[in-house]
Structures are given as structure tokens and as C-alpha cells.
Amino acid sequence: MRILQICDYYEPHGGTEHYVLNISNALENLGHRLIIAYGIQSNKTLKHENRHEYFLPALMNPEGLIDENSDRALNTIISKHHPDVAYFHNIPNYALIKTCSERLATARYIHDHRFFCPKGDKMFIIGGNTCDFPMSISCYFNTFWRGCLHPFPNISLPLIKNKVRAFKALKNIQLVVASQYMKKCLIYNDFSPSAIEVIPYFCSYDRKTAVEFNDFVFFAGRLIKQKGVRYLINSIPRWPEQLNLKIAGDGPLEKRLKSLAQKLGVSHRIEFLGSLPNSDIKKYYETCLLTAVPSIWDEPFGIVGLEAMYCQKPIVAFNVGGITDWLIDGLNGFLVKRKDVRKLADKISYLFYHKEIAEKMGKAGSKIYQDQYEKDHHLSRLIEVFEKISA
């Protein structure tokens, strides 16, 4: 099969971009041919000798504008390579997606909330709660009442209008999501359930080693408000004194989180590791007591959970978004009510005092991963979707 993958960054930029690169390699290993079109170019943009790659800056135009050069390039790609299917990721140019769907079978993976939330994370600035409204004119009013967007009509209204146009343009293409939660979000935004396929992510690790259960909790992720690291740090005074925290990742809140740790008197119990390569992150998964996922936004999926499960570690997480797809309370970890610092500390402490339970949960998580989230499961279901829409 000839597959045209269309993405924003064609480099190891973030979770979605790593997925695009991993899935491209995996599909090629199965004998499929890949053509790549991307919308953002940098000095890190990849080049593959055996792959046809095209830079189309119009992909990133949120107003749905297609310049003559990009339209000609899209025609060239289709007429020269005859792809069987186009597979879109994080592309805001709804008109270009619609144009492509009129020429060949098209699927789009909805990786996050940006597709149906003008702000992008479904969180209100005022109050810090999550939004349960469908994308509509209510987004405009919430701009003023709850601080969703910059409170000026000339900024927020065009964003909302573009989202509405995108919805109309993409009603007839195949949508793919990673979790049942994301499918629910699309359904209450008036997309047909039959047009939405749930195909969970997979973990990119491919070699298992021996695991240890040492006295530290591990967090991996960006240091931003949505990831809820401050709630994790606030819970440390309630942990056993021997238990520490290691944080892998960087972000704009790093200085503030270090100040919070100092204020609470727990700085000596936290190690900020900074941004690490995946191979180093895997070592911390393998040697921690448990992995904490204290996200306060509705995680579209939460791939860190799969990474922890692959490494046979239990997870303690806030009960948000798509996390319940892979975390079964009491089986492979614990679910805690969003922002409940006391309960978060209680569950973490419980696993410290009952390491045999932590080990049992880790093994249960590993089995769940093997049964449901191996790369082969993802590939087979994805290829089934491609074959269905291109038939």
C-alpha cells in the first residue's frame, strides 16, 4: 500500500511527531511505501534516502487558504506517487484536507483537543477547571466569563469560526483517536460514531530488562500547568520520609516548581533531571517504585502510562480524560480524584509500604500492555482502516 503521511513537524519534536516517525518506520518494515508531506521546516527536519518528502507550508494555514504552489505540489504528489490513502496529523488547514479527501481516501488522527477547542486544552483560565462544552458560540462567551481565550473579539471570534469551518469540511472523512474519551469528545461535537475509530497508541520501547523497585516516584513530562506537577510536589510532605521524587522533563514552570519545593522544605527529596533521551527515561521507569501521572487537564491518552506498564511499574494518576482506558483502579495502579493531594499521597504511600502489591500491579500492567497495546495491535487495526476506506 502507498501511504501519504501529512504532518506538521517532520522531526522528533513531540509526542505526535514521534508517533509519525515510529509509524512510518513500522509501516515500511511491513513493505508499505511512505510519502511524507510536512508543513514546518527547521534544521532538525529529517531526510530519508528511500522516502519521497515534500515541504508544504500551506498545511499550517488555519484559515484554510491554499496557495497556488501548494495546490500544484499536492497535485504532483498524487499524480506522481498514486497514494492509496492520506493520513493526516495536527494539520490546521481544513481546506487542504478537504481537497485531498476529494482525490483519495483520507484519514485523520485526532491527537489532542486542538481539533475541537480553540484554546487547545479544554481548560478554563479562570477557576482552572476543565470545559465540557461542545465547540460552538459558547466558546466565544466563555472567552469573557472564564478566560478561555484572549478577551478581544477580533482575536477569539476568527479562531472559533475557523474551527466551525473545519468541522464542516471534515465531516465525511475517517477519524482516528487513541481513547474512548476522545471518541466521546468528537461525538458530543456532533461527529458520527461510525466515522471514528479508536486505535490506541503503543510504546516505542522494544527491549525489556530486569526491573527494580527503589524508593523513588518517577514523573516524565513537560513542566506545564496541565501536567499537575505542583500537586505531586504538594503531596510529598505526606509521603514516607525515605521516598523521593525524580522528575524528567523541562518547561516554563521549572523555576516555580523548584521554589514550591523549597517553600515546602522538600527540595532535598526532589531531583530535576531535565530533558532526557528515551533510553535514559526507560531506565528510570525500570528502577522506580511507581510512576505518577498527576495531570489536571483531560489527557487525550497519556502515553507515559504505556511506558510505565511496559516496564512493569504501577501508576498513580488523577482520574482525567483517556487515562481510564489503560489504568484500571486497583489492578495496575490507582485512580485519584483530580487535584486531591491527600488521596494522591495516600495511594503513593500505600505502594511504598506494600511493595509486593506494587510488584503485583506492575505485572498486571505489563499483561494489559501485551494484550492490548503492542505495536502490532496498532498496526493491524490501522491497516484495516486504510484498506476499508480505500476499497
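As shown above, the structure is provided for reference.
Definitions and limits used
Each chain carries its own residue numbering, running from 1 in the direction its sequence is written. Per-residue local features of the predicted model are confined to residues with pLDDT of at least 70, and side-chain atom pairs are confined, for both listing and counting, to 80 or more; whole-chain, interface and lining totals are unaffected and use all residues. Hydrogens and water molecules were not included; the side-chain quantities draw on all heavy atoms of the structure. Each patch is built from salt-bridge-free residues with over 30% relative accessible area, joining like charges within 9 Å and nonpolar side chains (Val, Leu, Ile, Met, Phe, Trp, Tyr) within 5 Å. Residue exposure ignores everything except the shown protein chains as possible cover, and the areas themselves are Shrake-Rupley values with a 1.4 Å probe. Note on definitions: salt bridges are taken to be side-chain nitrogens of Lys or Arg within 4 Å of carboxyl oxygens of Asp or Glu. For the purposes of this entry, the term helix denotes a DSSP run of H or I that reaches at least four residues, the term strand denotes a run of E that reaches at least two, and both are numbered from the N terminus. Think of it in three bands: residues with accessible area under 20% of the maximum for their type are buried, residues over 50% are exposed, and the middle band is partly exposed, with areas taken using a 1.4 Å probe on protein chains only. A 3.5 Å cut-off defines polar contacts: any pair of N or O atoms within that distance qualifies, except that in protein one atom must be a possible hydrogen donor and the other a possible acceptor, and neighbouring residues in sequence count only when both atoms are side-chain atoms. Any two residues having at least one pair of non-hydrogen atoms within 4.5 Å are treated as being in contact. Whenever a pair of cysteine sulfur atoms sits within 2.5 Å, that pair is classed as a disulfide. Strands pair, by our definition, only if DSSP identifies at least two bridges between them. Convention adopted: a line fitted to C-alpha atoms gives each axis, helices being fitted over their contacting stretch, and angles between N-to-C directions are expressed from 0 to 180 degrees.

As for a nonpolar patch on the surface
Phase 1 of the analysis: A cluster of nonpolar side chains, namely Ile-137, Phe-141, Phe-144 and Trp-145, defines an oily patch on the protein surface of about 470 Å² accessible area.
Phase 2 of the analysis: Mapped onto the fold, Ile-137 is located in the loop between β5 (105–109) and α4 (138–145).

Comments concerning the side chain of Asn-90
Phase 1 of the analysis: Tracing the backbone shows Asn-90 in the loop between β4 (85–89) and α3 (94–101).
Phase 2 of the analysis: On the basis of relative accessibility, which here comes to 10%, the residue Asn-90 falls in the buried class.
Phase 3 of the analysis: Within polar-contact distance, the side chain of Asn-90 engages the side chain of Thr-16 at 3.5 Å.
Phase 4 of the analysis: In contact with Asn-90, other than residues within four places in its own chain, are Asp-8, Thr-16, Glu-17, Met-60, Arg-108, His-111, Asp-112 and Arg-114.

A short note on unusual backbone geometry
Phase 1 of the analysis: Phi at Lys-122 takes a positive value of approximately 55 degrees, unusual for a residue other than glycine.
Phase 2 of the analysis: Counting through the fold element by element, Lys-122 comes out in the loop between β5 and α4.
Phase 3 of the analysis: In this structure Lys-122 comes out as buried when scored by relative accessible area, which is 3%.
Phase 4 of the analysis: If you check the backbone angles, Gln-312 has positive phi at about 65 degrees while not being a glycine.

Quick notes on the state of the cysteines
Phase 1 of the analysis: Applying the stated rule across the entire model yields zero disulfides.
Phase 2 of the analysis: Looking at the unpaired Cys-139, the closest cysteine sulfur is the one in Cys-131, lying at 6.2 Å.
Phase 3 of the analysis: On the basis of relative accessible area, Cys-139 is assigned to the buried category, the value being 12%.

Structural notes on the pattern of salt bridges
Phase 1 of the analysis: Taken as a whole and judged by the stated rule, the model has 18 salt bridges.
Phase 2 of the analysis: For Arg-51, the salt bridge goes to Glu-28, with nearest N and O atoms at 2.7 Å. Of this pair, Arg-51 sits in the loop between β2 (33–40) and β3 (52–55) while Glu-28 sits in helix α1 (residues 15–29); the two residues are 23 residues apart in sequence, bridging distant segments of the chain.
Phase 3 of the analysis: Its relative accessible area of 6% is what places Arg-51 among the buried residues.
Phase 4 of the analysis: What makes Glu-28 partly exposed here is its relative accessible area of 27%.
Phase 5 of the analysis: The partner of Arg-222 in a salt bridge is Asp-250, with the nearest N and O atoms 3.3 Å apart. Of this pair, Arg-222 sits in the loop between β8 (216–220) and α7 (229–235) while Asp-250 sits in the loop between β9 (244–248) and α8 (254–264), and the two are 28 residues apart along the sequence.
Phase 6 of the analysis: Accessibility expressed as a relative area gives 32% for Asp-250, which makes it partly exposed.

Quick notes on the sheet that holds strand β7 (residues 196–198)
Phase 1 of the analysis: Across the sheet, which stays open at both edges, the seven strands sit in the order β3-β2-β1-β4-β5-β6-β7 with parallel pairing between neighbours. The sheet is open, and its two edges are formed by β3 and β7, each paired on a single side. When strand polarity is set aside, the average angle formed by the axes of neighbouring strands in this sheet is 20 degrees.
Phase 2 of the analysis: With five bridges connecting them, β4 and β5 associate as parallel partners. The partner of Val-85 across the bridge, within β5, is Ala-105.

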